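Observations on the model geometry
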Amino acid sequence: MYDYDLLVVGSANADLVIGVERRPGAGETVLGSDLVVHPGGKGANQAVAAARLGARTALLARVGDDGHGRLLLGSLRAAGVDTSGVLTGGAPTGVALITVDPSGDNSIVVSPGANGRLAPEDVRAAGSLLRASRVVSAQLEIPPGTVAEVVRALAPGSRFVLNPSPPRPLPPEVLAACDPLIVNEHEARVLLGADGAGGGPEEWARGLLATGPRSVVVTLGAEGALTASAAGEVHRIPAVRVDAVDTTGAGDAFTAALAWRLGVGDPLPVAAAHAARVGAVAVTRAGAQASYPTAAELEPDGAAGPAAPARPTAAHRGALSGVRSERAYGG
Ligand code: RIB
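We now turn to the structure provided with this report. For clarity, every value in this text was computed on a predicted model and none was experimentally measured.

Observations concerning the environment of His235
With respect to the element layout, His235 can be found in strand β13 (residues 234–237). Judged by relative accessible area, which is 32%, His235 ranks as partly exposed. What His235 contacts, discounting residues up to four positions off in sequence, is Ala225, Leu226, Thr227 and Pro269.

Written as structure tokens, this is what we have:
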């Protein structure tokens, strides 16, 4: 009935990555590794992650008519993503300036570029893609009006998944469509505001559910994840222990895997446990899209296995020399 398991509506960025011993404070200069340029952006990352897992995936996004745009289109097509909805022009391709420290944690500044020109009319023009998609996912590196238009254009029966990153206030119609709303601790605290951000993950999930979503997933990194539904079901998802190299894009892999598994009928906690395994593999490798596993790699006897770290390429080693730490990953 549906041509696509997942339609991702969102950003596509060139990730300019430098490995650092520590991130600089205000007014400080530090030296880092050689620069590496990866295909990234939360939307493109989700699309590549889902396609690698075997989901029939399309992306609605906008890139510039430039080398970074071509880098992104190449990565998307290599993963098997349908790029008929990737528009070109209007501004340079979005860029993310990323530093990664020895713990594998990152800091990111995004210049939206063409992502900021993905307009509500682009969503309306992509009606056939929306109608053909079982699950639609979005993030917030594109204009908020565009995300609201996605919600209005959803086909009856299709499911909407939102990772509100970077976080900003959301209109009630968008919150009410989320099934689930997927947040990390930072996003939960921003969305809940000063009054609602006390307590722990279960309180945050309940607080967020009260704003309208049908379900909520709180990702907790080394503490795993928590799922909660409007019907009152709460589940803790344990973390998967891995040897972390780079956490960039692991949350996008988690969201993509979760959205896909929900679409094929997994209950929310089962889908979240699968997503935690996918995110765990992603943190063992450098970069965002380059780090995502195939379905075969997740099998117990697969090439990499869920917890076996893949070796970074020579370019990655240059950017991330010395960057490695033991940790758990749950999303
Ligand atoms: O979530 C990771 C992504 O955030 C990076 O790929 C970067 O492009 C930013 O969008």
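Details of the side chain of Thr83
Considering the arrangement of structural elements, one finds Thr83 in the loop between α2 (67–79) and β5 (86–88). In this structure, Thr83 is in contact with Leu73, Leu76 and Arg77, ignoring residues within four places of it in sequence.

Looking at empty space enclosed by the protein
With a probe scaled to a water molecule rolled over the atoms, the places where space remains empty come into view. With the rule as written, the count across this model stands at one cavity of 30 Å³ or more. Roughly 30 Å³ of internal volume is contained in the largest cavity. In this structure, the largest cavity is lined by Leu140, Pro144, Val147, Arg168, Pro169, Leu170, Pro171 and Val174.

Section: unusual backbone geometry
The amide bond that connects Ser165 to the next residue, Pro166, takes the cis arrangement and shows omega of -5°. Its location among the elements puts Pro166 in the loop between β9 (159–162) and α6 (172–177).

Thoughts on the nonpolar core
The biggest cluster of nonpolar side chains holds 51 residues, and the ones touching the most others in it are Leu59, Leu76, Val81, Phe254, Leu258 and Tyr292. With 40 residues, the next largest nonpolar core counts Leu162, Ala188, Trp204 and Ala205 among its residues.

Notes on the packing of aromatic side chains
A complete count under the given rule lists zero aromatic pairs for this structure. The residue whose ring lies beneath Arg261 is Trp260, and the NZ or CZ to ring-centre distance is 5.0 Å.

Here we look at the packing of helix α1 (residues 42–52) against α2
Packing of α1 against α2 leaves a shortest axis separation of 8 Å and a crossing angle of 20°. It follows from the interaxial angle that α1 and α2 lie roughly parallel. In this structure, α1 crosses over α2, and the sense of that crossing is left-handed. Touching Ala44, Ala47, Val48, Ala51 and Arg52 of α1 are Leu72, Ser75, Leu76 and Ala79, all from α2.

Points about the packing of helix α9 (residues 250–263) against helix α10 (residues 268–282)
Packing of α9 against α10 brings their axes to within 8 Å, and their N-to-C directions diverge by 145°. α10 is crossed by α9, and the crossing has right-handed handedness. On α10, the residues that touch Ala250, Ala253, Phe254, Ala257, Leu258, Trp260, Arg261 and Leu262 of α9 are Leu268, Ala271, Ala272, His274, Ala275, Ala276, Val278, Gly279 and Ala282. For the contact of α9 with α10, the class distribution of residues is 14 nonpolar, two polar and one charged.

With respect to the sheet that holds β5
Taking strand neighbours across the sheet as the criterion, the nine strands line up as β5-β4-β1-β8-β9-β10-β11-β12-β13 in an open arrangement whose pairing is mixed. Looking along the sheet, the strands with just one partner apiece sit at the ends: β5 and β13. The sheet shows a mean angle of 15° between the axes of neighbouring strands, direction not considered. Across two bridges, β9 lies against strand β10 (residues 178–184) in parallel orientation. Residue pairing across strands places Phe160 opposite Cys178, the latter belonging to β10. Against the sheet, helix α5 (residues 144–153) makes contact with β1 (4–9), β8 (133–138) and β9, and its axis sits at roughly 160° relative to β9, the strand it touches most.

Description of the sheet that holds strand β6 (residues 94–100)
Strand order in the open sheet formed by four strands is β3-β2-β6-β7, with mixed pairing between adjacent strands. Edge positions in the open sheet fall to β3 (36–40) and β7 (106–111), since each of these has one partner strand only. Looking at each pair of strands side by side, their axes are set apart by 25° on average, direction ignored. For β6 and β7, the ladder comprises six bridges, and the chain directions are antiparallel. Within β7, the position partnered with Ala96 by the bridge is Val110. Against the sheet, α2 touches β2 (13–19), β3 and β6, its axis set at about 60° to β3.

Some thoughts on the pattern of salt bridges
In this structure the tally under the stated criterion is 14 salt bridges. Between Arg23 and Asp101 there is a salt bridge; the shortest N-O distance is 2.8 Å. Pair noted here: Arg23 is in the loop between β2 and β3 and Asp101 is in the loop between β6 and β7, with a separation of 78 residues, a long-range link. The class of Asp101 is buried, set by a relative accessible area of 11%.

The rules behind these values
- Within any chain, residue numbers begin from 1 and follow the written order of that chain's sequence.
- Residue-level local features of this predicted model are given only where pLDDT is at least 70; pairs of side-chain atoms are given and counted only at 80 or more, and the full residue set underlies all totals for whole chains, interfaces and linings.
- As a rule here, side-chain values come from all non-hydrogen atoms in the structure, and water together with hydrogens is ignored.
- The numbering of helices and of strands both runs from the N terminus, where a helix is a DSSP run of H or I of at least 4 residues and a strand a run of E of at least 2.
- Relative accessibility thresholds used throughout: buried, under 20% of the residue-type maximum; exposed, over 50%; partly exposed, between the two (1.4 Å probe, protein chains only).
- For this analysis, residues touch if any pair of their heavy atoms sits within 4.5 Å.
- Here the term cavity refers to a set of points on a 1 Å grid, laid over the protein atoms alone, in which a 1.4 Å probe fits but cannot get out; the term pocket refers to an open set having protein on both sides within 12 Å along at least five of seven lines, with lining residues being those that place an atom within 4 Å of a point.
- Grid points are joined across faces, edges and corners, and a volume is the space filled by probe spheres set on the points.
- The set of buried Ala, Val, Leu, Ile, Met, Phe, Trp, Tyr and Cys residues whose side-chain atoms join them within 4.5 Å is what this entry labels a nonpolar core.
- Only rings of Phe, Tyr and Trp enter the pairing, Trp through its six-membered ring, and a pair is recorded when the two centres are within 6.5 Å. The plane angle decides the type: under 30 degrees is stacked, over 60 is edge-to-face, the rest tilted.
- In this analysis the charged atom, NZ for Lys or CZ for Arg, is taken to sit over a ring once it is within 6 Å of the ring centre and within 35 degrees of the ring normal.
- Note on definitions: angles span 0 to 180 degrees between N-to-C directions of axes, and those axes are lines fitted to C-alpha atoms, for helices only across the stretch in contact.
- Relative orientations are named as follows: roughly parallel for angles under 35 degrees, roughly antiparallel for angles over 145 degrees, roughly perpendicular for angles from 65 to 115 degrees, and oblique for any other angle.
- Helix crossings get a hand from a simple test, with the near helix turned counterclockwise from the far one by less than a right angle marking a left-handed crossing and a clockwise turn marking a right-handed one.
- As a working rule, the residues Ala, Val, Leu, Ile, Met, Phe, Trp, Tyr, Cys and Pro are called nonpolar, Asp, Glu, Lys and Arg charged, and the rest polar, with Gly in that last group.
- Two strands pair if DSSP finds at least two bridges between them.
- The term salt bridge refers to a side-chain nitrogen of Lys or Arg lying within 4 Å of a carboxyl oxygen of Asp or Glu.

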